[in-house]
Amino acid sequence: MTSRNQLAGLVAAEGAHPVPLDLLDPDDAADLLARRLGADRVAAEPEALAEIVRACAGLPLALVIVAARAATRPGHSLAALAAELRQARGGLDPFSGADPATDVRAVFSWSYRSLTGPAGRLFRLLGLHPGADLAVPAAASLAGMPPARVRPLLAELARARLLAEQAPGRYAFHDLLRAYAAELAGEVDAGPARSAALHRLLDHYLHTAYAADAQLNPHRDQIVRTPARPGVTVDELADQRRALAWFAAEHATLLAVVEHAAGAGCDTHTWQLAWAVTTYLDRQGHWHDWAGVQDLALRAARGLGRRTDEADAHRGLARAYARLGRFVDAHVNYWRALDIFREIGDLLGEANTHRNLAFMCGTQGHQRDALYHARKALDLYRAGGHQVGEANALNNVGWYHAQNGEYREALEYCEQALALLREIDHRPGVAATLDSLGYVHHRLGNQREAVVSFQQALEMFRAAGDRSHEAGTLTRLGDAHHAAGEREWARRAWRQALVLLEELDQPEADEVRGKLAGLVG
């Protein structure tokens, strides 16, 4: 027996054995079409075949409907059929027909009509969610209900095969079901109700991402968020580990939510969400994603006419471009940010931008220019009485002195920075300064001190999920071990660094490969 329902009663009463039938993966979907249309016809248009498979979302019913349409039009190319599906933009019209048994809307409606009223309303609102999956708090925010009341409704939808619980507390449905739910929401739910649900959803992701960012970067200068609407559930993230886990689980969804907010004209949510995901995307090395959301943030800030936010979005976009090696684009955006910050008299914005310019110049090998910008940032932080900025800038000045071979000056500045950063308990800054001190001690020939500093920094970077800095510290740790004659320890550190650098697609990977090659024999 097959059914869209789980038939739990049959399992309990008759001892039946349930065999869940999931969506088809791309290979199985392609095989189904090949059996219906002939292997030669399918093999002749591989790109069109792949597009058709994606449009059908792995749903066997959708695949056989499309196959039937192609079979009855043998003179038409698969590319033409793929174009029809593309023009439908995820809608259900290409999968409708006169026979209810092979009409996707009709088949979905059989399950939908079996729902209770509250579960039906939740299903419709889920069509407003732009991501591939969601957790209970997001669903609760959409519905404007407490999580305890939403969980039974999600379970009802899962039993009706309108949702799939792909992990405990995390639900997904394929694109065609989402399109059906969105159609129903447009027909049944009033416009203001849909708008309110969408804003609650955006508030959920904004306020939870903000809380998660505060765990990862507690000393970051905060923004004034748009207040959360009644009925919004915000995840409780008690520590850095939980914050990282939440960001990792919601990564793709957050990108989709930012894009959806921008498309819906929700400019305030757009730039604030982009701000909230910055620390995570940067530390994890998701710099293409970071550039994408920052571009949307810049457009949103311009739309709002908020000069400070526009300048900060220019600066954020420049930082992402610098990480990607797009230095010309980064330069343009940094200097546009500086112009605006100077125009509005924002000393902190100027200081932050000079500090970022120092990083970019250092990355390009312009160490004297980097030292200039680091000193400029230090002066501006001090003028503005910004202790956290001053502490980090002290480390930056020390680091660029070291890059210029001025190790005694570097040691002096970095030790000042470390004392101040420990006093204010700024862990990311402490980690960065320990890394700087490790480098200085290594260059001064103090390999034992260097190894200890690098290992302490490494532990803190790993706890913070900062993969980029972890890779750099591992590389320098390997250098210190190698200088101390500890070849095997150097090999271990460089191998770990190489894995991260390759994952991050960084050019420094070639340098580390060369170091490892030099250890052969």
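Our subject is the structure that appears above.
The structure presented is a predicted model; accordingly, all values stated were derived computationally and were not measured. (Residues numbered from 1 in each chain as written. Predicted model: local features only at pLDDT ≥ 70, side-chain atom pairs only at ≥ 80, totals over all residues. Heavy atoms only, no water.)

S.K.: Describe the overall build of the chain, and please don't skip the residues or the numbers.
M.R.: A tally of regular secondary structure across the chain gives 27 helices and three strands. When burial is assessed residue by residue, the chain has 52% of its 521 residues classed as buried. Of the accessible surface of the chain, which amounts to about 23,700 Å², a share of 52% is contributed by carbon and sulfur atoms. (Helix = DSSP H or I, 4+ residues; strand = E, 2+ residues; numbered from the N terminus. Buried < 20%, exposed > 50% of the residue type's maximum accessible area, 1.4 Å probe, protein only. Areas by Shrake-Rupley, 256 points an atom, 1.4 Å probe, with all protein chains shown as cover.)

S.K.: Provide a residue-level description of the packing of aromatic side chains, including the pertinent values.
M.R.: Summed over the entire model, instances satisfying the criterion amount to eight aromatic pairs. Relative to F123, the ring of Y112 has its centre 6.0 Å away and its plane inclined at 40 degrees; by these criteria the two rings are tilted. In this pair, Y112 sits in helix 7 (residues 104–112) while F123 sits in helix 8 (residues 117–126), placing the two residues eleven residues apart along the sequence. Both residues of the pair, Y112 and F123, belong to the buried class. Ring geometry for W399 against Y439: centres 5.1 Å apart, planes inclined by 50 degrees, an arrangement best described as tilted. With W399 in helix 21 (residues 387–403) and Y439 in helix 23 (residues 427–444), the pair connects residues that are 40 residues apart, well separated along the chain. Each of the two residues, W399 as well as Y439, counts as buried. Grouping aromatic residues by their ring pairs yields a cluster made of Y112, F123, F173 and Y180. For the cation-ring pair, R220 lies above W275, with the distance from its terminal atom to the ring centre recorded as 3.6 Å. Taking the ring centre of W489 as reference, the NZ or CZ of R492 above it sits at 4.7 Å. (Phe/Tyr/Trp six-rings, centres within 6.5 Å; stacked < 30°, edge-to-face > 60°. Lys NZ or Arg CZ within 6 Å of the ring centre and 35° of its normal.)

S.K.: Please provide a residue-by-residue account of the nonpolar core, values included.
M.R.: Residues F123, L126, L157, Y205 and F247 are the most contacted members of the largest nonpolar core, which totals 80 residues. If you tally residues by element for this core, the top one is helix 12 (residues 191–216), at ten residues. Beyond its immediate sequence surroundings of up to four residues, F123 is in contact with Y112, L115, L157, L162, F173, L177, Y180, A181 and L184. Within the second largest apolar cluster, 57 residues are counted, among which are L371, L394, A431 and A450. (Core = buried A, V, L, I, M, F, W, Y, C linked by side-chain atoms within 4.5 Å. Contact = heavy atoms within 4.5 Å.)

S.K.: Let's hear about the environment of E449: which residues, and what values?
M.R.: Within the secondary structure, E449 sits in helix 24 (residues 447–464). The class of E449 is partly exposed, set by a relative accessible area of 39%. Spatially, the C-alpha atom of E449 lies 9.7 Å from that of Y439, the residues being ten residues apart in sequence.

S.K.: Please set out the environment of R342 residue by residue, giving values where relevant.
M.R.: Along the chain, R342 turns up in helix 18 (residues 327–344). For R342, a relative accessible area of 40% gives the class partly exposed. When neighbours within four sequence positions are excluded, R342 is seen to be in contact with W335, E350 and H354.

S.K.: Explain the packing of helix 17 (residues 307–323) against helix 19 (residues 347–363) to me, using residue names and the numbers behind them.
M.R.: Running from N to C, helix 17 and helix 19 cross one another at 10 degrees; their axes reach a closest spacing of 10 Å. The pairing of helix 17 with helix 19 is recorded here as roughly parallel in orientation. Residues R315, R319, A322 and R323 of helix 17 lie in contact with helix 19, whose contacting residues are G349, N352, T353, N356, F359 and M360. A class-by-class count of the residues in the contact of helix 17 with helix 19 yields three nonpolar, four polar and three charged. (Axes fitted to C-alpha atoms, helices over the stretch in contact; angles between N-to-C directions. Parallel < 35°, antiparallel > 145°, perpendicular 65-115°, else oblique. Nonpolar A, V, L, I, M, F, W, Y, C, P; charged D, E, K, R; others polar.)

S.K.: How would you summarise unusual backbone geometry if you had to cite specific residues and measurements?
M.R.: Residues other than glycine seldom take positive phi values, yet R161 does so here, at roughly 60 degrees. Within the element layout of this structure, R161 appears in the loop between helix 10 (147–159) and strand 2 (164–167). Non-glycine residue D505 carries a positive phi angle of around 55 degrees. Position of D505 relative to the elements: it lies in the loop between helix 26 (487–503) and helix 27 (508–517).

S.K.: Which residues make up the sheet that holds strand 2, and what values go with them?
M.R.: Within a sheet, neighbouring strands are paired by backbone hydrogen bonds and run either parallel or antiparallel to one another. The three strands lie next to each other as 1-3-2, forming an open sheet whose pairing is antiparallel. Each edge of the open sheet carries a strand with a single partner, namely strand 1 (133–135) and strand 2. Mean inter-strand twist for the sheet, computed between neighbouring axes without regard to direction, equals 40 degrees. In terms of strand pairing, strand 1 meets strand 3 (residues 170–172) through three bridges, oriented antiparallel. (Pairing = 2+ DSSP bridges.)

S.K.: Explain the pattern of salt bridges residue by residue, including any values.
M.R.: In this structure the tally under the stated criterion is 27 salt bridges. In this structure, R307 engages E343 in a salt bridge whose closest nitrogen and oxygen atoms are separated by 2.8 Å. Here the residue R307 occupies a position in helix 17, and E343 occupies one in helix 18, the gap between them amounting to 36 residues. By sharing partners, the salt bridges in this structure join R302, R307, E310 and E343 into a single network. (Salt bridge = Lys/Arg side-chain N within 4 Å of Asp/Glu carboxyl O.)

S.K.: Let's hear about helix 11 (residues 175–188): which residues, and what values?
M.R.: Between its first and last C-alpha atoms helix 11 spans 20 Å; for 14 residues at 1.5 Å apiece the expected length is 20 Å, and the two agree. Of all the residues in helix 11, the buried ones are L176, L177, R178, A179, Y180, A181, L184 and A185. (Expected span 1.5 Å × (residues − 1).)

S.K.: Quick rundown of the side chain of H442? Include the residues and the values.
M.R.: Residue placement: H442 occurs in helix 23. For H442, the contacting residues outside a window of four places in its chain are Q447, A450, D479, A480 and A483.

S.K.: I'd love a proper account of the environment of Y400, names of residues and values included.
M.R.: Tracing the sequence through the fold places Y400 in helix 21. We classify Y400 as buried; its relative accessible area is 6%. Spatially, the C-alpha atoms of Y400 and D369 are 9.3 Å apart, while their sequence positions differ by 31 residues.

S.K.: Outline helix 23, listing residues and values.
M.R.: Every α-helix winds through 3.6 residues per turn, so residues three or four apart in the chain are directed the same way. End to end, helix 23 covers 25 Å across 18 residues, agreeing with the expected 26 Å (1.5 Å per residue, within 8%). With 14 of 18 residues buried, helix 23 lies mostly within the body of the structure. Trailing helix 23 by a residue or two, G445 shows a phi angle of about 90 degrees, which is positive.

S.K.: For the pairing of strand 2, give the residues involved together with the corresponding values.
M.R.: Bridge count between strand 2 and strand 3: three bridges; the pairing is antiparallel. By the bridge assignment for strand 3, A167 is matched with R170. Following strand 2, the chain reverses through two residues before pairing antiparallel with strand 3; G169 in that reversal takes a positive phi of roughly 80 degrees.

S.K.: Explain the packing of helix 16 (residues 287–304) against helix 17 to me, and be specific about the residues and the numbers.
M.R.: Two elements in contact, helix 16 and helix 17, have axes whose closest approach is 8 Å; the angle formed by their N-to-C orientations is 160 degrees. On the basis of their axis angle, the class for helix 16 and helix 17 is roughly antiparallel. In this structure, helix 16 meets helix 17 at a crossing whose hand is left-handed. Where helix 16 approaches helix 17, its residues W287, W290, A291, Q294, D295, A297, L298, A301 and R302 are matched on the opposing element by D309, E310, A313, H314, G316, L317, R319, A320, Y321 and R323. Residues belonging to the contact of helix 16 with helix 17 are distributed by class as follows: ten nonpolar, three polar and six charged. (Left-handed = near helix turned anticlockwise from the far one by under 90°.)

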